[in-house]
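Descriptive structure summary
Each chain is listed here by its residues.
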Amino acid sequence: ALTGAAHPGLGALLHQAARRWPAFAAELCDHPANWRAIGYRAIDTLLAGGAADASYLAALATAAAEAGAPVETLSGDAARRLEPMLAGSAIEALHFPGDALVEPSLLIGALRDALSKGGVEIENACIAAIAQADDAVRLETVAGETLDAGAVVLAAGWPGGVKIAPEWAHIVPIKGQIATLSGGRDLETILRAPGIYLAPRGDGRVECGATSERGVDTLNVEPAAIRTLRARAGALAPALADFWTIASRSGVRPSTPDYAPILGTSVLGSRVFLAAAPHRNGILLAPLIADIVADAVLGETDAGGWLRALAATRFQG
């Protein structure tokens, strides 16, 4: 969401994050030939619409251009030359060249491997409280154990009922349900329309998503929601009506009133840092947010001004 109630800097943040990704993929996977290990590949995006979507597409094109993202407006016929599976009902589309895809499950595995090779220990614990004394931060687990650290970064997803930082009051859940389709054919582009996206995985699978259920934090998959996604997918790319649903899943996105993340120090202490609530852009924003927060932990200058722009204090009126 780059229009309406969106944070005025969100478009620039997303564009900067997208530009950060190739270097991050190279760092994680070494040679570009290995990038498929995380499902990363360059692919264009088309956001298509009918006559009723013209004003929305125009506003989005303006917002994207102002953020510095390359975008061009195509007729429906021109869009179908790029994506033959696009429905004939699409009369216009925004073309975003040089976009990319990554497969989250593969990325998480690669990140865990990288952490292990770097000597990072992973300890699973449920934190009940955080307190800072001088320059030390103490975490208390629900089991009564304590963990001490020089700095803590709060980067969890939707926290549910456990809100150990006051800033979590600004985070709202948005449930998303996704269907994975398969039919042996691949889209040539990432294909989007209002209320639907189709992300080809390059092996005949197409991720079809996602619902956006604000205020809902349940994880059940609802057959009616999957049917709705399939219907939207078929309307956008009719050939997908013959694809099989091979998997479905749900998750809860942590979001904010302006869809932008919360970054910076917490009121809990100067050594407690926030990297929270990326809305539906967690994977895209991950490398950039990591850079921003790592610099903050090390006391470096906030060169991009993001810590100030995305502080939780922006919600206090």
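Residues numbered from 1 in each chain as written. Predicted model: local features only at pLDDT ≥ 70, side-chain atom pairs only at ≥ 80, totals over all residues. Heavy atoms only, no water.

So, the packing of aromatic side chains
Within this structure, the stated rule accounts for 3 aromatic pairs. With a centroid separation of 5.8 Å and an interplanar angle of 15 degrees, the aromatic rings of tryptophan 21 and tyrosine 40 are classed as stacked. Note that tryptophan 21 is positioned in helix α1 (residues 10-29) and tyrosine 40 in the loop between α1 and β1 (41-42), a separation of 19 residues in sequence. In this structure, tryptophan 21 and tyrosine 40 share a single accessibility class: buried. (Phe/Tyr/Trp six-rings, centres within 6.5 Å; stacked < 30°, edge-to-face > 60°. Helix = DSSP H or I, 4+ residues; strand = E, 2+ residues; numbered from the N terminus. Buried < 20%, exposed > 50% of the residue type's maximum accessible area, 1.4 Å probe, protein only.)

Side note on unusual backbone geometry
Most peptide bonds are trans, and most residues other than glycine sit at a negative phi. Alanine 210 follows glycine 209 through a cis peptide bond whose omega is -20 degrees. Following the sequence through the fold, alanine 210 ends up in the loop between β13 (205-209) and β14 (213-214). Positive phi values are uncommon outside glycine, yet aspartate 134 reaches one of about 60 degrees. Note on placement: aspartate 134 falls in the loop between β6 (127-133) and β7 (136-141). Judged by its relative accessible area of 72%, aspartate 134 is exposed.

Thoughts on the sheet that holds strand β9 (residues 152-154)
Sheet strands pair by backbone hydrogen bonding; their relative direction is either parallel or antiparallel. The 3 strands lie next to each other as β9-β17-β16, forming an open sheet whose pairing is mixed. The open sheet is flanked by β9 and β16 (262-266), the only strands paired with a single partner. Each strand of the sheet is rotated relative to its neighbour by a mean of 25 degrees, with strand direction disregarded. Where β9 and strand β17 (residues 269-276) come together, 3 bridges link them in parallel fashion. Residue pairing for β17: valine 152 is matched across the bridge by valine 272. Along the sheet, helix α6 (residues 282-297) makes contact with β9, β16 and β17, crossing β17 at roughly 180 degrees. (Pairing = 2+ DSSP bridges. Axes fitted to C-alpha atoms, helices over the stretch in contact; angles between N-to-C directions. Contact = heavy atoms within 4.5 Å.)

What about the packing of α1 against helix α4 (residues 104-117)?
Running from N to C, α1 and α4 point in directions that differ by 55 degrees, and their axes come no closer than 11 Å. Accordingly, the angle class assigned to the pair α1 and α4 is oblique. Across the interface between the two elements, Trp21, Phe24 and Leu28 of α1 pack against Leu107, Ala110, Leu111 and Ala114 of α4. Its residues assigned to classes, the contact of α1 with α4 comprises 7 nonpolar, no polar and no charged. (Parallel < 35°, antiparallel > 145°, perpendicular 65-115°, else oblique. Nonpolar A, V, L, I, M, F, W, Y, C, P; charged D, E, K, R; others polar.)

Notes on the pattern of salt bridges
Pairs can form between side chains of opposite charge whenever their charged atoms are close. With the rule as written, the count across this model stands at 9 salt bridges. A salt bridge links arginine 80 to aspartate 77, with the nearest nitrogen and oxygen atoms 3.1 Å apart. Note that arginine 80 and aspartate 77 are positioned in helix α3 (residues 76-82) at a spacing of 3 residues, about one turn of the helix. Among the salt bridges present, the one from arginine 201 reaches glutamate 207, with a minimum N-O distance of 3.8 Å. (Salt bridge = Lys/Arg side-chain N within 4 Å of Asp/Glu carboxyl O.)

What to know about the sheet that holds β7
Pairing is antiparallel across the open sheet formed by 3 strands, whose spatial order is β6-β7-β8. Where the open sheet ends on each side, the last strands, each with one partner, are β6 and β8 (146-149). For this sheet, the mean angle separating the axes of adjacent strands, direction not counted, is 20 degrees.

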